[in-house]
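Here is what each chain is made of, one letter per residue.
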Amino acid sequence: MSNYKPEGYNSVSPYLIVTGAEKMINLLIEVFGGVPTRRFNTPDGKIMHAEVKIQDSIIMISEASAQYPQNNTLLHVYVENSDETYQRALAFGCEDQGAPKTAEGDSDKRGMFKDFAGNLWAVSTQQS
């Protein structure tokens, strides 16, 4: 079967359940240049399911509820410029977890920050 997933989707997509789904969507747009692709609200207007595309990947988001409590994870994202992405995250209010640097023997320059919901984000740029 050739249409088992939407066109342009990877086979695995992270799913963030957060208190503040709208804020998470805005973070993905502002920090990573994400593009909202789909959104479904509950009758009371909360985000039941939303998707934001970052480069070639889809991040799925939902508002936390009693049935689906907030989860926390660590996500790794390759970006064009880890320094700029890291600075945009801090400007958005994310917490510093280590400025981008290149470790000996590692071809990636990587930094890390924590978002308002407690997720950790590692941002890396390969230094050829």
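**Structural notes on the overall build of the chain**
1) Next: Looking only at helices and strands, the chain features two helices and nine strands.
2) Next: Listing the helices and strands of the chain from first to last along the sequence gives β-α-β-β-β-β-α-β-β-β-β.
3) Next: Relative to the globule expectation of 14 Å for 128 residues, the C-alpha radius of gyration of the chain, 15 Å, shows essentially globular dimensions.
4) Next: Across its three principal axes, the chain shows a C-alpha extent of roughly 50 × 40 × 20 Å.
5) Next: For the chain, with 128 residues in total, the buried portion stands at 34%.

**As for the side chain of His49**
1) Next: If you trace the backbone, His49 turns up in strand S3 (residues 47-54).
2) Next: By relative accessible area, which is 15% here, His49 ends up buried.
3) Next: Side chain to side chain, His49 and Glu51 meet in a polar contact 2.7 Å long.
4) Next: If we skip the residues at most four places from it in the chain, His49 touches Tyr15, Arg38, Arg39, Phe40, Met60 and Ile61.

**With respect to the environment of Ala64**
1) Next: Inspection of the secondary structure assignment puts Ala64 in the loop between strand S4 (57-63) and strand S5 (74-78).
2) Next: Distance in space between the C-alpha atoms of Ala64 and Gly33 is 24 Å, their sequence separation being 31 residues.
3) Next: The residues touching Ala64, leaving out its near neighbours within four places in the chain, are Ile17, Val18, Thr19, Pro69 and Gln70.

**Section: the sheet that holds strand S1 (residues 15-18)**
1) Next: Ordered in space as S1-S4-S3-S2, the four strands form an open sheet in which the pairing is mixed. With partners counted over all chains shown, the strands left at the sheet margins are S1 and strand S2 (35-41), one partner each. Put simply, the sheet's adjacent strands are angled 20° from each other on average, direction ignored.
2) Next: When S2 meets S3, the two strands line up antiparallel, connected through six bridges. Within the sheet, the bridge partner assigned to Asn41 lies in S3 and is Ile47.
3) Next: Strands S1, S2, S3 and S4 of the sheet are contacted by helix H1 (residues 21-32), whose axis makes an angle of about 5° with S3.

**Quick word on the packing of aromatic side chains**
1) Next: A full pass over the atoms with the stated rule returns three aromatic pairs.
2) Next: An angle of 40° between the planes, with centres 5.2 Å apart, marks the rings of Phe32 and Trp121 as tilted. Linking Phe32 in helix H1 with Trp121 in strand S9 (residues 120-126), this pair joins segments that are 89 residues apart in sequence. Each of the two residues, Phe32 as well as Trp121, counts as buried.
3) Next: Among the aromatic residues, those joined into a cluster by ring pairs are Phe32, Phe113 and Trp121.

Cut-off values and rules
- Residues numbered from 1 in each chain as written.
- Predicted model: local features only at pLDDT ≥ 70, side-chain atom pairs only at ≥ 80, totals over all residues.
- Heavy atoms only, no water.
- Helix = DSSP H or I, 4+ residues; strand = E, 2+ residues; numbered from the N terminus.
- Rg over C-alpha atoms; globule rule 2.2 N^0.38 Å.
- Buried < 20%, exposed > 50% of the residue type's maximum accessible area, 1.4 Å probe, protein only.
- Polar contact = N/O pair within 3.5 Å; in protein donor to acceptor, adjacent residues only side chain to side chain.
- Contact = heavy atoms within 4.5 Å.
- Pairing = 2+ DSSP bridges.
- Axes fitted to C-alpha atoms, helices over the stretch in contact; angles between N-to-C directions.
- Phe/Tyr/Trp six-rings, centres within 6.5 Å; stacked < 30°, edge-to-face > 60°.

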